[in-house]
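# Close look at the chain arrangement
Each chain, letter by letter, is given below.
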Amino acid sequence: MASAETIVVIGAGVIGLSTALLIQEQSGSTQSVLLVARDFPSDTSINYASPWAGAHYRPVPGSSPQALREASQALRTFNYLKQVAAGEPAAGIKFLQGIEHLETPPPEYLDAQSVSNVYHFEDFRSLKDDEVPAGVKWGAEYGTYVINSPVYCAYMLRRFILKGGRTQQYTLVNSKEAFALANNVKTVVNCSGTGFGDPKSFIIRGQTCLVRNPVSATITRQNADGAWSFCIPRPLEGGTVIGGTKQPHDWDPNPSPEIRAQLLANASKWFPFTPESGGQFDVIRDIVGRRPAREGGMRLEVEQVEDGKSIVHAYGAGGRGFELSRGVAEDVTALMLESGLLRVQAKATL
Ligand SMILES: Cc1cc2nc3c(=O)[nH]c(=O)nc-3n(C[C@H](O)[C@H](O)[C@H](O)COP(=O)(O)OP(=O)(O)OC[C@H]3O[C@@H](n4cnc5c(N)ncnc54)[C@H](O)[C@@H]3O)c2cc1C
Ligand SMILES: *[C@@H]1O[C@H](CO)[C@@H](O)[C@H](O)[C@H]1NC(C)=O
Ligand SMILES: *[C@@H]1O[C@H](CO)[C@@H](O)[C@H](O)[C@H]1NC(C)=O
C-alpha cells in the first residue's frame, strides 16, 4: 500500500471549495485533502471575491473556445446545483425566474442557434416586443438559480470538514511552499483566484448595493451604453443585491456614493420592487469586489514541477465563478485522473 499522500488545495473561494469537495469525494483512502487559504468563508477581504458575488446564473452565448468551455461548465453546474438545492435548503441556493432585457444585444444573441446552444432551460421563452419595456431589443425568461454566496461557501466548507477535510489558514509567498505544508505532497491545486504573478490575470471591480427590499425574480438589463443593471434576491432572507459595475483594472477599494445613487435610481425604474417602497431603498451595505479575471479565461492545466511534483491550476474565473464552479471542479479532477494524480476510490470500499 502506498504511503498516505496529501493533496493541497490552495484557495477557499467557490472554486477551491468546490474542487476540494470533489477531490475528497473521489479519492481513495491513500490520499487526503488539505485546504490552505489566506481567506476562509468567515473572512471578508477585498481580495477574496467569493463572498461579494451576487450571485445568479445567466448564460453567455459565444463561439470562442472560452465561451464553449464555460457553456459546458455552466450546464453541469446548473444540473448539480438543482440537486443540491432540492436536498439542502441551508446551502443557500434557490431556483426562481430569470428575466433578461437587452437594449443593444451583441450579434450572438440574434442568432437562434447560438442562443439555443447556451440557453438550455426547458422553460426558456423569448419575450415578444409587447412584453418588454421600451428600448429593449432582446428579452427572455427562464428558470434559473440565485445563490447566497457567503452562505453557500460556508456550507461547502462545513461539508468538507465533516467529511474529514483539514484546513490551514496561511498566506503563501512562493509556489514551492505549498509542497512543504504537509508530508508527502505530490499535487498542489491552485485555486488562488486572482493569484499574483500571472501577467494574463487582471481584476474587474464590481460595485453593488445590498438592500432589504425583496424582489421575486432575478432581472438583468443591458443598457444602451453597455452598462449592466441587475437585481439578485439572496436566498434565506439575505436581502437583494442591486448592481452593478464592471470596471477592469480599477483597484479603488471604496464604494462610490455617486455609483450607489445611480444603481438605486436605475433599479427603481426597471425592477419590480413592491409599490409600497415608493422607489426608496432600505440599504444594508455597499459592496465592492474584485472579479478574478484572466485573458482567454481560466487557466486549467497541469504544470509539472521538479521530481514528480505537479501543480494543477484552476484560477481566473472572472465574473462567473459560481456559475462555473462544479464544472471546473469536474474538469480539475478529470485532469488529475488523466495524469495519474488522483487515485479513485474503489467502488467496493464505498
Ligand atoms: C460584484 C460581484 C458580483 C458577482 N456576481 C457573480 C454572479 O452573479 N455569478 C457568478 O458566478 N459570479 C459572480 N461574481 C464572480 C465571483 O465572485 C468570482 O468568479 C468567484 O468568487 C471566484 O472564485 P475563486 O475561488 O476563483 O476566487 P476567490 O473567491 O477570490 O478565492 C481565492 C482564494 O485564494 C486564496 N489565496 C489567494 N492568494 C493566496 C495566497 N498567496 N496564499 C494563500 N491563499 C491565497 C484566497 O485567500 C481565497 O481563499 C461576482 C463578483 C463580484 C465582485
Ligand atoms: C497560483 O497561480 C498564481 C497566478 O495567479 C501564481 O502566481 C502562483 O505562484 C500559483 N501558485 C502555485 C502554488 O503555483
Ligand atoms: C444607469 O442607467 C443608465 C442608462 O439609463 C446607464 O447609462 C448608467 O450607466 C447606469 N448606471 C449604473 C451605475 O449602472
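Residues numbered from 1 in each chain as written. Chains lettered and ligands numbered in written order. Predicted model: local features only at pLDDT ≥ 70, side-chain atom pairs only at ≥ 80, totals over all residues. Heavy atoms only, no water.

In this section: the overall build of the chain. Helix and strand counts for the chain stand at six helices and 15 strands. Against the 2.2 N^0.38 benchmark of 20 Å for 350 residues, the chain shows a C-alpha radius of gyration of 21 Å, consistent with a compact globule. With respect to the three principal axes, the spread of C-alpha positions in the chain is 70 × 40 × 40 Å. In the chain, 77% of the contacts between residues at least 6 apart in sequence involve partners at least 24 apart. When the accessible surface of the chain is totalled, it reaches about 15900 Å², and 53% of it is carbon and sulfur. Positive and negative charge centroids in the chain, built from 33 and 35 side chains respectively, lie 4 Å apart. (Helix = DSSP H or I, 4+ residues; strand = E, 2+ residues; numbered from the N terminus. Rg over C-alpha atoms; globule rule 2.2 N^0.38 Å. Contact = heavy atoms within 4.5 Å. Areas by Shrake-Rupley, 256 points an atom, 1.4 Å probe, with all protein chains shown as cover. Lys, Arg positive; Asp, Glu negative; His and termini not counted. Charge placed at Lys NZ, Arg CZ, Asp CG, Glu CD.)

In this section: the environment of Gly-243. With respect to the element layout, Gly-243 can be found in strand β11 (residues 240-243). Here the alpha-carbon distance between Gly-243 and Phe-230, two residues 13 residues apart in the chain, equals 5.2 Å. Apart from the residues lying within four places of it in its own chain, the contact partners of Gly-243 are Gln-207, Thr-208, Trp-228, Ser-229, Phe-230 and Leu-263.

Our next topic: the site of ligand 3. The environment of ligand 3 is formed by Asp-225, Ala-227, Gln-262, Leu-263, Asn-266 and Trp-270. At 2.6 Å, a side-chain N or O of Asp-225 approaches an oxygen atom of ligand 3. Contact distances for ligand 3 include 2.7 Å between a nitrogen atom and a side-chain N or O atom of Gln-262. The protein chains hide 72% of the 360 Å² of surface that ligand 3 would expose on its own. Among the cavities detected, the one that contains ligand 3 is the second largest pocket. (Near = heavy atom within 4 Å. Polar contact = N/O pair within 3.5 Å; in protein donor to acceptor, adjacent residues only side chain to side chain. 1 Å grid on protein atoms, 1.4 Å probe; cavity = no way out; pocket = protein on both sides within 12 Å on 5 of 7 lines; lining within 4 Å. Sits in = over half its atoms within 2 Å of the grid points.)

The next subject is the site of ligand 1. Close contacts around ligand 1 come from 37 residues, with Ala-12, Asp-39, Ser-50, Gly-318 and Gly-321 the closest. Measuring from an oxygen atom of ligand 1, one finds a backbone N or O atom of Ala-49 at 2.9 Å. Measuring from an oxygen atom of ligand 1, one finds a backbone N or O atom of Glu-323 at 2.9 Å. Contact with the protein chains covers 97% of the free accessible surface of ligand 1, which is 1000 Å².

On inspection of all chains with the given rule, the structure shows 16 aromatic pairs. Geometrically, the ring pair formed by Phe-78 and Tyr-145 is tilted, given 6.2 Å between the ring centres and 35° between the ring planes. With Phe-78 in helix α2 (residues 65-87) and Tyr-145 in strand β5 (residues 138-147), this residue pair connects regions lying 67 residues apart in the sequence. With respect to class, Phe-78 is no different from Tyr-145; both count as buried. Connected via pairs of aromatic rings, a cluster forms that spans Tyr-57, Phe-78, Phe-95, Tyr-109, Tyr-119, Phe-121, Phe-124, Trp-138, Tyr-142 and Tyr-145. Lying across the ring of Tyr-80, Arg-326 places its NZ or CZ 3.9 Å from the centre. (Phe/Tyr/Trp six-rings, centres within 6.5 Å; stacked < 30°, edge-to-face > 60°. Buried < 20%, exposed > 50% of the residue type's maximum accessible area, 1.4 Å probe, protein only. Lys NZ or Arg CZ within 6 Å of the ring centre and 35° of its normal.)

As a further point, take the pattern of salt bridges. Counting across every chain of the model gives 18 salt bridges. Ionic pairing is found between Asp-198 and Arg-294, a salt bridge with its closest N-O pair at 2.9 Å. Of the two residues, Asp-198 sits in the loop between β7 (185-190) and β8 (201-211) while Arg-294 sits in strand β13 (residues 283-294), which places them 96 residues apart along the sequence. Overall, the relative accessible area of 16% leaves Asp-198 in the buried class. Judged by relative accessible area, Arg-294 falls into the buried class, the value being 14%. Several salt bridges share partner residues, and in doing so they unite Glu-25, Arg-76, Arg-159, Arg-326, Glu-330 and Asp-331 into one network. (Salt bridge = Lys/Arg side-chain N within 4 Å of Asp/Glu carboxyl O.)

Another point: the pairing of β8. Within β8, 11 of the 11 residues are buried, which leaves the element mostly enclosed by the surrounding structure. Residues Ser-201, Ile-203, Arg-205, Gln-207, Cys-209 and Val-211 line one face of β8 and the alternating positions Phe-202, Ile-204, Gly-206, Thr-208 and Leu-210 line the opposite face, and both faces are buried. In this sheet, strand β12 (residues 247-248) lies alongside β8 in antiparallel orientation, the contact comprising two bridges. Paired with Arg-205 across the strands is Gln-247, a residue of β12. Inspection of the sheet shows β8 paired to β11 by three bridges, in the antiparallel sense. Within β11, the residue paired with Val-211 across the bridge is Thr-240. (Pairing = 2+ DSSP bridges.)

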